[in-house]
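# Fold and contact review
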Amino acid sequence: MRGSKMVGCAIVVALAATACGGGGSDEGDKGKSGGGFSMNIAEPKRLIPQSTTESGGSQVLSGLFTPLVEFDSKNEPVLAAAESIESPDNKVWTIKIKDATWHDGKPVTAKDYVAAWNWGAYGPNAADGNYFFQTIQGYDEMNPVDPDGEEGPKKAAEPKAKELSGLKAVDDKTIEVTLKAPFAGYKSVLGYTVFYPVPEAALADVKAYEEAPIGQGPFQMDGKWNHDKFVKVKAYKDYKLGDKPKVDSVEFRIFQDQNTAYNDLLANNLDIVDQIPTEVMGTAPSELGDRFKTSTASTFQFVAFPTYDKKYSDPRVRKAISMAIDRDEIIKVVFQDSQSSARSFVSPVVGGYREDTCGEACKFDPAAAKKLLAEAGGIEGNKINIGHNADGGHEQWVNATCDQLKKNLGLECVSQAVPKFAELLTQVENKKFSGMFRMGWIMDYPSMENYLGPLYSTNGSSNYYGYSNKDFDRLLQEGREAKTEEEAIAKWQAAEDILAKDMPVIPLRFGKNVFGYSTNVKNVEMNLFNQVELTKVEKS
Amino acid sequence: MGRYVARRLLQMLPVIIGTTFLVFALVTAMGGDPVQNLYGERPVPEGIRAALTAQYHLDDPLPIRYGYYLAGLVQGDFGTSLSGSRPISEMIADAWPETLRIAGIAFVFEMIIGVAAGVMAGMRRGKFLDNLVLLSTLTVIAIPIFVLGQVSQIFLGVKAGIFPVSGTNEGFMSYLLPGLVLGSVSLAYIARLARASVAENLRMDYVRTAKAKGLSPSRITGIHVLRNSLIPVVTYLGADLGSLMGGAIVTERIFNIPGVGYNLFKAIQIEDGPALVGFVTLLVIVYVVMALVVDLLYAVLDPRIRYA
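These numbers were taken from a predicted model, which means no experiment stands behind them. (Residues numbered from 1 in each chain as written. Chains lettered and ligands numbered in written order. Predicted model: local features only at pLDDT ≥ 70, side-chain atom pairs only at ≥ 80, totals over all residues. Heavy atoms only, no water.)

Attention shifts here to the state of the cysteines. Residue and element names in this part refer to chain A. All chains considered together, the criterion is met by 2 disulfides over all chains. Paired through a disulfide, cysteine 358 and cysteine 362 show a sulfur-sulfur distance of 1.9 Å. Here the disulfide of cysteine 358 and cysteine 362 is right-handed, its torsion about the S-S bond being about 75°. Of the two residues, cysteine 358 and cysteine 362, neither departs from the other in class, the shared state being buried. Each disulfide pairs two cysteine sulfurs, and for cysteine 402 the partner residue is cysteine 413, the sulfurs being separated by 1.9 Å. Between cysteine 402 and cysteine 413, the disulfide has an S-S torsion of -60° and is therefore left-handed. With a gap of 11 residues between them, cysteine 402 in helix H12 (residues 395-409) and cysteine 413 in strand E15 (residues 412-418) connect regions that are remote in the sequence. Each member of the pair, cysteine 402 as well as cysteine 413, carries the same accessibility label: buried. Once the bonded cysteines of chain A are numbered in order along the sequence, the disulfide links fall as 1-2, 3-4. (Disulfide = S-S within 2.5 Å. Buried < 20%, exposed > 50% of the residue type's maximum accessible area, 1.4 Å probe, protein only. Helix = DSSP H or I, 4+ residues; strand = E, 2+ residues; numbered from the N terminus.)

Residue and element names in this part refer to chain A. Per the stated rule, a full pass over the model turns up 27 salt bridges over all chains. Linking aspartate 128 and lysine 45 is a salt bridge whose minimum nitrogen-to-oxygen distance equals 2.6 Å. On the criterion of sequence distance, the pair formed by aspartate 128 in the loop between helix H3 (110-121) and helix H4 (139-142) and lysine 45 in the loop between strand E1 (36-41) and helix H2 (55-64) is long-range, its members being 83 residues apart. A residue is classified by how much of its surface remains accessible, and aspartate 128, at 8% relative accessible area, is buried. Residue classification places lysine 45 among the buried positions, given a relative accessible area of 17%. By sharing partners, the salt bridges in this structure join Asp471, Arg474, Glu478 and Lys491 into a single network. (Salt bridge = Lys/Arg side-chain N within 4 Å of Asp/Glu carboxyl O.)

This part covers the pairing of strand E10 (residues 249-254) of chain A. The side chains of a regular strand alternate, residue by residue, between the two faces of the sheet. Residues and elements named next belong to chain A. Counting buried positions along E10 yields 5 of 6 residues, so the element is predominantly enclosed. Strand direction decides the pairing type here: E1 and E10, joined by 6 bridges, are parallel. Of the residues in E10, the one forming a bridge with methionine 39 is phenylalanine 252. Two strands pair when backbone bridges link them, and strand E9 (residues 230-235) and E10 are joined in this way by 5 bridges, in the antiparallel orientation. Bridge pairing in E10 places valine 231 opposite phenylalanine 252. (Pairing = 2+ DSSP bridges.)

The next point concerns the nonpolar core. Within the largest apolar cluster, 154 residues are counted, with the highest numbers of intra-cluster contacts made by Trp117, Ile321 and Tyr456 of chain A. Considering each element in turn, this core owes the most residues, 8 residues, to H3 of chain A. If near-sequence neighbours (up to four positions away) are discounted, tryptophan 117 of chain A is found in contact with Gln50, Leu68, Ile95, Phe133, Leu164, Leu167, Val177, Leu190, Val194, Phe195 and Tyr196 of chain A. Within the second largest apolar cluster, 32 residues are counted, among which are Met111, Phe163, Val207 and Val286 of chain B. (Core = buried A, V, L, I, M, F, W, Y, C linked by side-chain atoms within 4.5 Å. Contact = heavy atoms within 4.5 Å.)

Here we take up the packing of helix H1 (residues 2-29) of chain B against helix H13 (residues 273-301) of chain B. Between two packed helices, what matters for the description is the angle formed by their axes and the separation of those axes. Residues and elements named next belong to chain B. Here H1 crosses H13 at 150°, and the two axes come no closer than 9 Å. Taken together, the axes of H1 and H13 lie roughly antiparallel to each other. Classified by chirality, the crossing of H13 by H1 is right-handed. (Axes fitted to C-alpha atoms, helices over the stretch in contact; angles between N-to-C directions. Parallel < 35°, antiparallel > 145°, perpendicular 65-115°, else oblique. Left-handed = near helix turned anticlockwise from the far one by under 90°.)

This part takes up the environment of leucine 508 of chain A. Residues and elements named next belong to chain A. Within the fold, leucine 508 resides in strand E17 (residues 505-517). By relative accessible area, leucine 508 is classed as buried at 3%. Discounting residues that sit within four places of it in the chain, leucine 508 has contacts with Phe300, Gln301, Phe302, Val303, Ile325, Arg327, Ser340, Ser341, Ala342 and Trp397.

Residues of chain A with pLDDT of at least 70 account for 91%, and the chain-wide mean is 87. In this model, residues 1-34 of chain A is a region of pLDDT below 50 whose contacts with residues beyond four sequence positions or in other chains number 50 contacts. (pLDDT = per-residue confidence, 0-100.)

Once that is clear, we can look at the packing of aromatic side chains. Inspection of the entire model under this criterion finds 29 aromatic pairs over all chains. Taking 6.4 Å as the distance between ring centres and 40° as the angle between the ring planes, the aromatic pair formed by tyrosine 456 of chain A and tyrosine 465 of chain A counts as tilted. Residue classification places tyrosine 465 of chain A among the buried residues on the basis of a relative accessible area of 1%. A centroid spacing of 6.2 Å and a plane angle of 75° characterise the contact between tyrosine 467 of chain A and phenylalanine 472 of chain A, whose relative ring orientation is edge-to-face. A single burial state applies to tyrosine 467 of chain A and to phenylalanine 472 of chain A, both of which are buried. An aromatic cluster is built from Phe71, Trp93, Tyr113, Trp117, Tyr131, Phe132, Phe133, Tyr186, Tyr192, Phe195 and Phe529 of chain A, whose rings are joined through pairwise contacts. Looking at lysine 159 of chain B, its charged tip hangs above the ring of phenylalanine 155 of chain B, at a distance of 5.4 Å from the centre. (Phe/Tyr/Trp six-rings, centres within 6.5 Å; stacked < 30°, edge-to-face > 60°. Lys NZ or Arg CZ within 6 Å of the ring centre and 35° of its normal.)

Turning our attention to the sheet that holds strand E5 (residues 92-97) of chain A. Residues and elements named next belong to chain A. Reading across the sheet, the 4 strands line up as E4-E5-E7-E6 and stay open at both edges, with antiparallel pairing between neighbours. Each edge of the open sheet carries a strand with a single partner, namely strand E4 (82-86) and strand E6 (167-171). Averaged over all pairs of adjacent strands, the angle between their axes in this sheet comes to 20°, without regard to strand direction. Across the sheet, H3 touches E5, E6 and strand E7 (174-178), and the angle it forms with E6 is around 170°.

Let's shift gears to unusual backbone geometry. Here lysine 431 of chain A, not a glycine, exhibits a phi torsion of approximately 55°, which is positive. Checked against the element boundaries, lysine 431 of chain A lands in the loop between helix H13 (421-429) and strand E16 (436-441). We classify lysine 431 of chain A as exposed; its relative accessible area is 56%. The backbone of asparagine 256 of chain B sits at a positive phi, close to 55°, despite the residue not being glycine. Here asparagine 256 of chain B lies in the loop between helix H11 (249-254) and helix H12 (260-269).

Next comes the structure, spelled out in structure tokens:
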């Protein structure tokens, strides 16, 4: 008797737990109801602009904020929240902001910008976007390096300053930024997420702010950030910094798996999927019809040669390897055309891009490749290896590349997996990794310089392979200091030509946004930051 | 029995300390670089690295880091996650109810259907129903859960539109399909376990005696056989409830249920030590409690077992 009672109890408990689930039904509606739409994102890491560099968070913030500059169809910067951005010498920049209000009705002031940027630049805040501020004067004082180096205990040194000396609010509407060195393309930099303002008062309690960020953009928060589930925003009535959104609300639904999001799209339960998973790339065009779209994205995938490895020191060897790779074939077979072949060092999304700057060296020509390699005296041991990080899903294309090199150059080629990307970088930095290795680059700001400086200049932040060329460095710097955009681009293009001669890396692929949408919406576009343009979307 | 329960609960302490330390040590032994993981494929500025390292005690020796963790745990502080820097107690509070809901559905489903199917099959051995149960459970056991999940999502969710495809927006219905998928594999095992157990008990001497005494067949199977047959089933159910509540990484992922499994998966991916240890601590507690409940249920089912 007692037995049956206790079992009965367990059922009741279990049912009660599931019954609680019913309460959530009124929290969320299907994207199609009302005048709104839904799209998928990954759970944002943070929701404060200065610490948001991943895609989920920046997509949400792109609705809540209006950047100082936006980018037109040619990817040239146009003023948005800024009235004017000027500099006589490319070093001291004066930014005047337009009249605008925060979602709580208070006016946006220059001080809000300054406070937010200072918060981001202050080392101990450990903001993800911290390094964007390193070009501003006074950054180093706020981010001291560990005094006892790698070996000693990692006790962070106390920064000498709490504010950037090169940043001040001249009056309510004017911000003055002094850079460490002149930089012609700074206007473009200001379009990035980390340069959004934050209400100065909110910085006192950042944690609370992130649960429901207040911005000055076309949408405002509707309720709080519901972790791992959704973020909802609604149109902000007093928005005057640009075009008003054509819908009343947007629901950013948080997905763990792109395949699930895609299934929801097929069922018309979700309106926009910003990345069609590779697994369904073959069937998606027919399943979605003209609601399947692609656009150029900023990512750049390449294979790098470590300068410390003598094996690859002859540029002819590097060119031969590059010429023996059939990029189009790999993209078709492995990536189902979800990326495009790269034959330049700079992405097509930035001004100054030219096709085929890599020239001969990136053209698939096995015969010429073989000849060139023979001229260079072959490769030591007739054996090469390509390193990749196993956590990034690179196995397949690296193997395919290796197969092509085996076939076309008669080399022995090994794909060498390192568990994590961080580990690969550490091995390369300590010169412990022998062989070529894969790398990827995601643009920070739409400028040619962003594809050249960090990756190939002698002190570049992501120049892991140790490439160094004085002429390249000089041209890059001259471009930064140039008076006009055109002049700058000319210098940078000359710098790119040096890369084509030296071939420190093999350009392989440029990214593509491959996205789809439901029958409920139209005018869905994605910009070069891999974000859906929220204000353009219309209900159909 | 009170003393027995108290003693078992006290035994949890060393188990929790031991397992958390083990997980802690394993995460450290992975030798990855959590700071770089947080940054993805971007370089980490020196100053930021120093700040984060200090904040999470990443360069202290293992025992000291573990000490920091235990000290927090005693004060009810599970620490902060490395990703997004949310308090782990808050993450657990959000994730746990989600997992409970699908685990609850799965448990009820596998218990009622599984036991019923198993008992009926056991009583009609060799007949059509028995063969049907054997065949269908074999099929379910043979199909990996991610295939089962995705196929049911596409056919019942996308194509037929009977169930929501994913998410938790539609209340009970949202949890129903994932719960059924999650419970189906255990259901197959339970049905087979119950079938074998019933069949075995039906051949026992006490059944013959009862028959000879003239007891009605329904009383024989309903009270005597069933009660004796359920001991292995209850053992399995108890252990299974423990693992169900530990979250289902695959099922939660397919149906986009932000439960414990999802958080574990994320924590493992970025080597988020604090979150990993936090969730594992929770799992350990659940397992130990479930084992205790199962032991107590034995006494209920079999009067010969007593705990003093």
